[in-house]
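Geometric and topological summary
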Amino acid sequence: SQQGEEDPQALSIQEGENATMNCSYKTSINNLQWYRQNSGRGLVHLILIRSNEREKHSGRLRVTLDTSKKSSSLLITASRAADTASYFCATDAKDSGGYQKVTFGTGTKLQVIP
Amino acid sequence: DSGVTQTPKHLITATGQRVTLRCSPRSGDLSVYWYQQSLDQGLQFLIQYYNGEERAKGNILERFSAQQFPDLHSELNLSSLELGDSALYFCASSVGGLAAYNEQFFGPGTRLTVL
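If you're wondering where the values come from, they're calculated on a predicted model, not measured in any experiment.

A few words on the pattern of salt bridges. In the structure shown here, the tally under the stated rule is six salt bridges over all chains. For the salt bridge of Glu 55 of chain A with Arg 62 of chain A, the shortest nitrogen-to-oxygen distance reads 3.2 Å. By relative accessible area, which is 39% here, Glu 55 of chain A ends up partly exposed. When the shortest N-O distance is used, the salt bridge between Glu 82 of chain B and Arg 63 of chain B registers 3.7 Å. On the criterion of sequence distance, the pair formed by Glu 82 of chain B in the loop between strand E8 (74-78) and strand E9 (87-94) and Arg 63 of chain B in the loop between strand E6 (53-57) and strand E7 (64-68) is long-range, its members being 19 residues apart. Each of Arg 63, Glu 82 and Asp 85 of chain B takes part in salt bridges that share partners, so that together they form one network.

We now examine the side chain of His 73 of chain B. All names here are of chain B. In this fold, His 73 is placed in the loop between E7 and E8. Within polar-contact distance, the side chain of His 73 engages the side chain of Arg 22 at 3.2 Å. Of note is the side chain of His 73, whose polar atom sits 2.7 Å from the side chain of Asp 71. Leaving out residues up to four positions away in the same chain, His 73 has contacts with Arg 22, Cys 23, Ser 24, Pro 25, Gln 67 and Gln 68.

Moving on to the sheet that holds strand E7 (residues 61-66) of chain A. All names here are of chain A. Sheet architecture is open: five strands sit in the order E1-E3-E8-E7-E6, paired in antiparallel fashion. The open sheet has two edge strands, strand E1 (4-7) and strand E6 (55-58), and neither has a second partner. Strand-to-strand twist of the sheet, defined as the mean angle between neighbouring strand axes without regard to direction, takes the value 15 degrees. As paired strands, strand E3 (residues 19-25) and strand E8 (residues 71-76) are joined by six bridges and run antiparallel to one another. Residue pairing for E8: Ala 19 is matched across the bridge by Ile 76.

Definitions and limits used
Residues numbered from 1 in each chain as written. Chains lettered and ligands numbered in written order. Predicted model: local features only at pLDDT ≥ 70, side-chain atom pairs only at ≥ 80, totals over all residues. Heavy atoms only, no water. Salt bridge = Lys/Arg side-chain N within 4 Å of Asp/Glu carboxyl O. Buried < 20%, exposed > 50% of the residue type's maximum accessible area, 1.4 Å probe, protein only. Helix = DSSP H or I, 4+ residues; strand = E, 2+ residues; numbered from the N terminus. Polar contact = N/O pair within 3.5 Å; in protein donor to acceptor, adjacent residues only side chain to side chain. Contact = heavy atoms within 4.5 Å. Pairing = 2+ DSSP bridges. Axes fitted to C-alpha atoms, helices over the stretch in contact; angles between N-to-C directions.

Everything listed here is a matter of coordinates, which is why it stays silent on function.
What follows is the structure in structure tokens.
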């Protein structure tokens, strides 16, 4: 089962608008990461936020983390057509052997209309 | 270009067959991860190797196996293939062994079609 679930499943906005997508997870985490995937291609790492951090910025990206609510949000400001992609959150969990693994959420498909 | 290479790019085979997917990590990365991405299951973590040893296991079927060789490249073997195994298979690599603390670099994927 997925540790992380993104919301919304799909989002369509005009170029220049801000896009916000959310990730909820079930068990406590050490870190949370966001990745982007252009259609049919490999994922690209965007940002990592540690469990003791509340907010992190990287260029036009802003990530927040609320461990009490077990949720994170990714904000893309001043969106561009090139931001069209699927966005995944990745959280850590333990596998059956007690080893740490990272699981990816279901993804938010973002379309930015020029 | 992430620096991670995967071969082949596309693979078409029949049910019941066995295939091997190959991955070369970025130079200096010790961890290799395998993922399966399909429309109905999303991105599923299969298995991770770190410096030649299995580090973490996900939803990997018994028909699937993997290994990491001394030169750190990895192979994913899929046997007794079923129609439902059709998917994109990604390999990723990272420097360290703890996935939650390390950025993963993804390869371009191998698209497997089972007919």
